[in-house]
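Working through the structure, step by step
Below are the chains, spelled out letter by letter.
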Amino acid sequence: MGNVMIPEFAQEMLAAAENGLNGIAIKLSQFLEHPIIITDPLHNCIASSLENLENHQTEIVIHLHLDQDFEQLFFHCVLAYNGDFKEALGHRIIVNNLNQGCIFTLLESADGEKNLMDGYESLIHYAASLCSLQIKKDKEIKQERYRFKNAFLFDLLYGNFKKKEDILSYGNIWNWNLLEPHVVLVFAIKDFNYFSSDRQLIQTLLYTVEQGLTQNRIEPITFSKQNEVVVIFPKKTDTRNQQKETEFITYIMNQLKKTELQDRVACGIGKTYENPEELFRSYQEAKVAFELGQLLEVDMPSFANMGLETILYKHDLQALKEFYYYVLGDLLEYDENGGELMYTLENLAKYQFDLKQTSEALFLHRNTLRYRIKKIEEILNIKMDDLNNRLNIIAALKIKQLHKL
Amino acid sequence: MIKQMGFIFNADACIGCMACEVACRNENKTFANVKWRRVTKISQDSFLSNSCNHCSSPECFRVCPESAFTKRYDGIVLIDSSLCNGCKLCVQACPYDAPQFDYETNKVTKCQMCYPRQDQGLLPACVEACSTAALGLTDLEVFMDPKAVPAIEGFPDIRITQPSIAFYPVRKKERYFLEN
Amino acid sequence: METFRNVCPRNCYGTCGIISHVENGMLTKVTGDPKHGFSRGRLCAKGYAYTQFVYNSYRLKYPIIQSPRGSGNWKRISWDDAYNIIAEKILELNDRYGSNLALSYSKFSGNIGLLHFATEGMFNSFGPHTKPFGNLCMGTGEMAIKTSFGKMASPVPEDMAEAKLIVIWGANPAVTNIHQMKFIYAARKKGAKIVVIDPVFTETALKADLYIQIKPGSDAYLSFGIAKLLLEKKTPEHHPEHLNGWEEYKNFLQNNVDMDQICQKTGVKYEYIEKLAELYHNCKPAATWSGFGIQRNKYGGESVEALNSLAALSGNINVVKGGGVYFAHGDIYDFPLNLANFPEKKHPSISQSRLINISNFAAAIRELKEPPVKFLWIASRSPLSQDQNFKAWEELFQEMELIVTVDLYMTNAAKMSDIILPAASHFEEEDLNVGYWHHWLAINEKAIPPYFEAKSDLQIARELTKRLNELSPGFSDFPYDLEPIDWIKKELTPEIKKIYGISSYKDLLDGPRHRKQIETVCEEAFSFHIPKKWNPDAQDKKPYPYRLLSPQSLLKIHSQFSNISWLHPELEETVAEISKKTAEEKDIKDGMKVRIFNGHGTVTATAKINAFLPEDVILVRQTAKNTINRLITTRLHDENNPESTYFYDSFVDISKKEGH
C-alpha cells in the first residue's frame, strides 16, 4: 500500500451518518449545493435537507423521463410534491439486492445542470451506500425490538409471567403502564384456512388495527398470531363502561370494509383486569367470546356480558343434550308433524316472554299467541308464568343454539 | 422467534398399532391411568392418535385457578405440577382429555411434546416411534398444505381451543364384502 | 447411562434391533436401533413396553416347586435342589428303561435366538430321546414353497417398496408386521395398488386400495380363477411356456376351472376376479404375499402352491425388485446351528431319537409305548395357551412323572408343571438372531444382570448337564465349559462371515448386517402346480355351524406380553366377534357373555358384533388365560410330513350364557 488518502468529503459524510438519513441528506446537500430528498420504496419521503419536508413522510410522485429507466442506478426524473414540480437526479438505494428507496438531488432547471452533476456521481453513489447501511441498521434494530416485544406479549398473554414486577418492568421499556386496568380485544378472521394463503391477510388486519389505535391516540399494544390480532386496550376510568372499546371496534370494522378482508373479521372482548398477571385470562375470554359471538350471531360479543352461555358451552355435551330433551323433548316430538310451536317458544323467550312484542314480531294476533302458549303448556305440562320454568326454557334454547341441536 | 409446534396426523396412514402410545410411556414413564397419548378408533375408517394439542387458545389456561400452565415460545403448553391443586377444572375444560389426573399424586400432568428431546434436536418419542409416518411434527406458524384439514370425523370440536394439529383425511377405498 | 444392542427374539416378522438404555444395571428405556435397515429405529408397542416386561411383579424370580401338581402350592427352592430333583429323575428313568427315550421336551418359538437351541442341544447330548419335529406355524407353507421353487426363499421385504402391485393374501401386517407397512406405503406413494384378500376385514384391509373378502380357505380357488382370466389375456413380453408343468397347468385352467364354480366357492363376484386379473396383467412387478393365514387349514399347501403358480404365470418370479412371492425365508439354515444340530450321543442299541410331529405332539406322545414318555421339559412356549388338543395335553400331563417348565411368567402350562425354572429375558443374556422375513443378522448383548435368579436356556443346559455328569459321569457330552460368546463365534463360520460381509462378531456390535447375496428363486427350478384332487363341488363337512378363526392380538403374542399394564391396563377378556346375522339369530347383544362350544369343550367369552365378519365365522383372538384354543383339535393328513397345525379348520357353535 502506498500513501492512500481518504478524501475529506468521505470522512465528513461518514461522520454525518451518525445523525441518520437526515444527517446524510443535509451533508450531501452542503457538498452539492442542491437540496436532497431520500425516499422509501413506496416513495414516501423519509429524510430531506429541505426544512419543509423533513420527517413529514410526504408522498412524492416520480415522473421518469422517457429515456430513463428505474433499473438504472442513476436516472433523471421530475418529482412532484406539495404541489411543486422539480427536476431531479435519482439514485437507487440497494439493500441486500432489493430496492429500498432512492436518493434524489433536486436540480434548478433541466438540461444545463445535468452535465454539472457528472463530476459528483461518485459522491452521490457513496452517499447512497451510506444510506443503504443506515437503512439496514434501522431495520435490524426494529426487528430486534419487534421480536423482543412479541416475546413479551406472548408471555403476558399466555400467563407465563408469575411475578407482577417482571411484567411492569418489561412494560416500562415501551412506556406501557400496565398498572392501569386493561381489557383484551381479539380480532380474528372467520373461516380461516390455517394451512393456506389466508395467512397473508393477517398483516392487513394488524396494520389496520395499529393505524386505528394511533388515530385514536392509543398506544398500540398489539400481537398477531395465526388468524388473530390481539389488542391490549387501556381502560383509564370506569372499568365497567364498555363504550370506548365498542367505539374502537366499530371504527376498525368500518376501516376493514375498505380492505380485502371486508367482513371476514369478527371480534371478541375479554373482561377487564386491573392486575396484569390476569391479562392472559382476558385474552382467553376474548377468544371464547369471539367463538360464542359467531355461534350466537352477536356483533360485539363480550365475555362479561355472556352469563349462561359460557357455562353451557363448556358443560358436558351429553348432560346438556339430556337436559334439552328433558325440557323440550315433548315439544320437538309434537312439532315433527309440521307444527311450529318451537319457533313460537323461541321468539317468546327472545322477547322476554312479553306477549305484545312477541305477537308483533311474529305477526300474530295476541289471542293466537295465547292459544299457542296454552298448547305449549299442555304439551310440556308446565306453567309458563313460573320463573323456574322460564329459566329452564331459556337454558334449553341456549343449548340448542350453542350446540346446533 | 415465536413458533407453534404442532402435530400432523395422517389418518390415511395410521394403522392403530399403538407404538406411539407406548413409546410415550417408555420415554416419560407414565403409569396406570395417566396416558399422555392415546390411540383410539374414532370412526369406521379411522384411528386417532391424540395427546395434548398445545392449543393456540388453551382452555386449561383460562380455567386454572393456580396459573399453573405456561406456553413456551415454540407453542408447547406446560403445566407446573407443583402448582397444581388437583381441582381438575382443566380436566373438564379440555375437549381432548389431555390433562391427566394422577390419583397417586393428586395432581395433573400432561404431554409436554417431549420438549427436553426437542431442545436437543430430537423428535418427540411418539413421532419417532411412528413407523408409517402417520404422526409428524411441524411449526404450524409456517406450515402450509392445501391438502391438510383442521379436523377429521370423530375429532372433538376444535372451536375455542384451536388445537395445534393438522390432519390428512382418509382417502376413499374400494371394498368387496361377501354377500352370503 | 450405557447403551447396548439387543434384538427382539419374539416369533414375529420384525426381529427388530433394540438399543437398550441402562443406568446402574437397570434397563430404563428401550429405543429402536437406527442401524437396523428393516425396523429403522422403531419398535412396536410391545417392544416399547420391554422395561415392564423385564421388571414386572408377575415375573418369576426363583426356581419353584409345587405339590401336588396344579395345586398352586408353590415353594421356593434353590437352583441346586432343582437340578438335583431333575437330574435324579432323568437318571432314574434312564435306569428304568435303559435309554432316555422316556424323556421328551416341548419347545417352540418363545425366543427364536440361535442360542435358545441349547434345549435341543442338551437333549441331544443325552443320546436318543423323544424329539419333536416340524413347525406348528408355517410348516405347510414352507413345504409348498419348496415344492414350487425347489428351495425356501423369500425376497427382500424392503424391496416391496418397488412393486407396482402388492397382493396380500391372508396376512395382516398392520397388526403382525407393522414395520412392513412403511414399505407398502412407499410403493403406494410411487403409484402401486395395494390389494388385501382376506375373510376378515383386517386393519390392513382397512388401508388397502382394494379389499376383497373371500370365504375362508378358498384362496387356491380364487388364484385359479384369476389365472384362467389371465391366461386369456396375452402378455406379449412374457412366456411361461418354457416353465415346468406348463402344459398341465394350462390344460387344467382351460378345461377344469369353471368361473361359476370359482365364484361360488370363493364367494367373490366375477367382476372382482376380473379386476384382480386385470391388476396382475397390467402391473409389473407384482408382489404376492402368502400370509400364514392361508395355510392354517388342510388346503393350506394347495393355496400357497396355487399362488406361486399365479405369480409365475403373471411373470413375477424372475428376480426384479418388488416382484416375487413373499412368505418367509430359510436364512437360518445357512448357519451350522451347532446347538440344534448338536450330535446325538451314541447309544449302544438305539440308533436315533423317536421323532414326534410337533403339530400333534400331545396325542402322539401318549400313544408311545416301550418306553412311554415320563419326563417332559417345556421351554419357550405355553402349549395350554397356544397349542391344540388340550384334552390330550391334560391327559399327558397326568401321565408324566416330572414336568419342568422354563419360563419368565406363570403361564397356563407352567401352572400344571412340577418345577418352574425362571428364564432370563433377552436383555439378560447373549444371543445371535436372524429373522425369517427380513435378511438382517444381529447380535444380542447382555445389557443387564439377570432378574433375581433367572437364567438363560443355555445356562440351564450347561448347569444341568454338569450336574448330571457329576452324578453319573459321562451321561452327557454337552460342552458346558463353552460360554455364550463361544457358541456365537461357532455360528459365524467363514461361510457365514462371507454371506454377511463381516470378519468377526465384533462387527455386529456396530450394528446389524444385511445379507450380501439373497437366496433367490429361478424359473428353471420352478414347477407349476395343479391340485391333486379337484372337486370344487365337494362341501366340507361342518360338524358345527361356525368356522373359528383365532388370529393374534395386536398387543400380545399368544400369552406373551399379557401381564404388561402399559399394554393391558384391564383384566384380560376373551372376546368373540360374531356377525350381525349370528347376533340376531342367537339373540346376542354387544358385550353379552356367550358360550362358544364344540365337542372339545366350552369357552366363555364376551360378544362383540363385527359388521364385516362373514356370517359363518366366529373370530376369537389369541389370549393368555382363557384361550379359545381349547376348542381346537385337528389332525394332520400325514403325520410324517412337517405340516403346520390346521388351526382354522375348527368349527364351533355359540349361545348366550345362562342368566342373559
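Calculation notes
Residues numbered from 1 in each chain as written. Chains lettered and ligands numbered in written order. Predicted model: local features only at pLDDT ≥ 70, side-chain atom pairs only at ≥ 80, totals over all residues. Heavy atoms only, no water. Pairing = 2+ DSSP bridges. Helix = DSSP H or I, 4+ residues; strand = E, 2+ residues; numbered from the N terminus. Axes fitted to C-alpha atoms, helices over the stretch in contact; angles between N-to-C directions. Buried < 20%, exposed > 50% of the residue type's maximum accessible area, 1.4 Å probe, protein only. Salt bridge = Lys/Arg side-chain N within 4 Å of Asp/Glu carboxyl O. Contact = heavy atoms within 4.5 Å. Buried area = accessible area lost by both parts, 1.4 Å probe. Polar contact = N/O pair within 3.5 Å; in protein donor to acceptor, adjacent residues only side chain to side chain. Nonpolar A, V, L, I, M, F, W, Y, C, P; charged D, E, K, R; others polar. Patch = residues over 30% accessible without salt bridge, like charges linked within 9 Å, V, L, I, M, F, W, Y side chains within 5 Å. Areas by Shrake-Rupley, 256 points an atom, 1.4 Å probe, with all protein chains shown as cover. Phe/Tyr/Trp six-rings, centres within 6.5 Å; stacked < 30°, edge-to-face > 60°.

**A few points about the sheet that holds strand E12 (residues 324-326) of chain C**
Within the open sheet, the six strands sit side by side as E10(B)-E10(C)-E9(C)-E8(C)-E11(C)-E12(C). Their pairing is parallel. Every interior strand has two partners, whereas the edge strands, strand E10 (174-176) of chain B together with E12 of chain C, have only one. With strand direction ignored, the average angle separating the axes of adjacent strands in the sheet is 15°. Examined bridge by bridge, E10 of chain B and strand E10 (residues 210-212) of chain C share three bridges and lie parallel to one another.

**Here's the deal with the sheet that holds strand E1 (residues 2-7) of chain C**
The pairing of strands in a sheet comes from backbone hydrogen bonds and takes either a parallel or an antiparallel form. Residue and element names in this part refer to chain C. Spatially, three strands are ordered E1-E2-E3 in an open sheet, and the strand pairing comes out antiparallel. Here the strands that pair on one side only, and so sit at the sheet edges, are E1 and strand E3 (26-32). For this sheet the average axis-to-axis angle between neighbouring strands, irrespective of direction, equals 30°. Where E1 meets strand E2 (residues 17-23), six bridges bridge the pair, whose relative direction is antiparallel. Within E2, the position partnered with Phe4 by the bridge is Ser20.

**Structural notes on the pairing of strand E24 (residues 617-620) of chain C**
All names here are of chain C. Side chains Val617 and Leu619 of E24 all project onto a buried face; the interleaved residues Ile618 and Val620 project onto the opposite face, where all are buried too. Pairing of strand E20 (residues 546-549) with E24, which is carried by three bridges, proceeds in the parallel orientation. Bridge assignment links Leu548 to a residue of E24, and that residue is Ile618. Here two bridges tie strand E21 (residues 575-578) to E24, and the two strands are oriented antiparallel to one another. Bridging from a neighbouring strand, Glu577 pairs with Leu619 of E24.

**A look at the pattern of salt bridges**
When the charged atoms of two side chains lie near each other, side chains of opposite charge can form a pair. The tally for this structure, following the rule as stated, stands at 57 salt bridges over all chains. Here Glu340 of chain A makes a salt bridge to Arg372 of chain A, at a shortest N to O gap of 3.5 Å. In this pair, Glu340 of chain A is assigned in the loop between helix H10 (317-335) and helix H11 (341-350) and Arg372 of chain A in helix H13 (residues 366-380), connecting sequence segments 32 residues apart. The salt bridge partner of Asp80 of chain C is Arg467 of chain C, with a shortest N-O separation of 3.0 Å. Of this pair, Asp80 of chain C sits in helix H3 (residues 79-97) while Arg467 of chain C sits in helix H18 (residues 457-471), placing them 387 residues apart in sequence. Residue Arg467 of chain C is classed as buried on the basis of its relative accessible area, which comes to 16%. Put simply, Glu27, Arg117 and Glu128 of chain B together with Lys29 of chain C are held in one network by salt bridges that share partners.

**Quick word on the interface of chain A and chain B**
Taken together, the contact pairs 33 residues of chain A with 35 residues of chain B. In total, about 3000 Å² of surface goes out of reach between chain A and chain B, with carbon and sulfur atoms giving 54% of it. Remark: the boundary between chain A and chain B carries zero salt bridges. At the boundary of chain A with chain B, the tally comes to 11 residue pairs in polar contact (both at pLDDT 80 or more). Elements with a contribution of two residues or more to the side of chain A that touches chain B: helix H4 (121-157), strand E8 (222-225), helix H8 (279-296) and helix H9 (308-314) of chain A. No other element matches H8 of chain A, which puts nine residues into the side of chain A that touches chain B. Of the residues contributing to the side of chain A that touches chain B, the split by class is 13 nonpolar, eight polar and 12 charged.

**Notes on a nonpolar patch on the surface**
All names here are of chain A. A cluster of nonpolar residues, Phe148, Tyr170 and Ile173, forms a patch on the protein surface that exposes about 270 Å² of accessible area. Following the sequence through the fold, Ile173 ends up in helix H5 (residues 164-173). The exposure class assigned to Ile173 is partly exposed, which follows from its relative accessible area of 46%.

**Topic: the packing of aromatic side chains**
Each aromatic ring pair is specified by the distance between its two centres and by the angle formed by the two planes. Residues and elements named next belong to chain C. Taken as a whole and judged by the stated rule, the model has 68 aromatic pairs over all chains. Between Phe224 and Trp534 the ring centres are 5.6 Å apart and the planes differ by 85°, which places this aromatic pair in the edge-to-face class. Of this pair, Phe224 sits in helix H9 (residues 219-232) while Trp534 sits in the loop between strand E19 (513-514) and E20, and the two are 310 residues apart along the sequence. Note on Phe224: relative accessible area 1%, which makes it buried. Ring geometry for Tyr326 versus Trp437: centroids 5.6 Å apart, planes at 45°, classification tilted.

**Notes on the arrangement of the chains**
Here two pairs of chains make contact, and the pair sharing the most contacts is chains B and C. At the C-alpha level, the nearest point of chain A lies 22 Å from chain C, with no contact between them.

**Considering the environment of Lys374 of chain C**
Residue and element names in this part refer to chain C. Locating Lys374 in the fold gives a position in the loop between helix H14 (361-367) and strand E14 (375-379). In this structure Lys374 comes out as buried when scored by relative accessible area, which is 17%. Considered as a pair, Lys374 and Ala220 are 154 residues apart in the sequence and their alpha carbons are 43 Å apart. In contact with Lys374, not counting residues within four places along its chain, are Leu93, Arg96, Tyr97, Ala102, Glu399, Met400, Glu401 and Leu402.

**Let's talk about the interface of chain B and chain C**
Facing 36 residues of chain B, the contacting portion of chain C comprises 44 residues. Both sides together, the interface formed by chain B and chain C hides about 3500 Å², and carbon and sulfur atoms give 57% of it. Per-residue buried area on chain B facing chain C is highest for Glu174, Tyr176 and Leu178 of chain B; these three make up 21% of the total on that side. The interface formed by chain B and chain C contains three salt bridges. Between Lys29 of chain C and Glu27 of chain B there is a salt bridge, and its shortest N-O distance comes to 2.9 Å. Viewed at the interface, chain C and chain B are joined by 20 residue pairs in polar contact (both at pLDDT 80 or more). At the level of secondary structure, the elements contributing two or more residues to the side of chain B that touches chain C comprise helix H1 (19-28), helix H5 (125-129) and E10 of chain B. With six residues, H1 of chain B is the largest single contributor of residues to the side of chain B that touches chain C. Among the residues making up the side of chain B that touches chain C, the classes are represented as 16 nonpolar, seven polar and 13 charged.

Function cannot be inferred from these measures alone, as they are strictly geometric.
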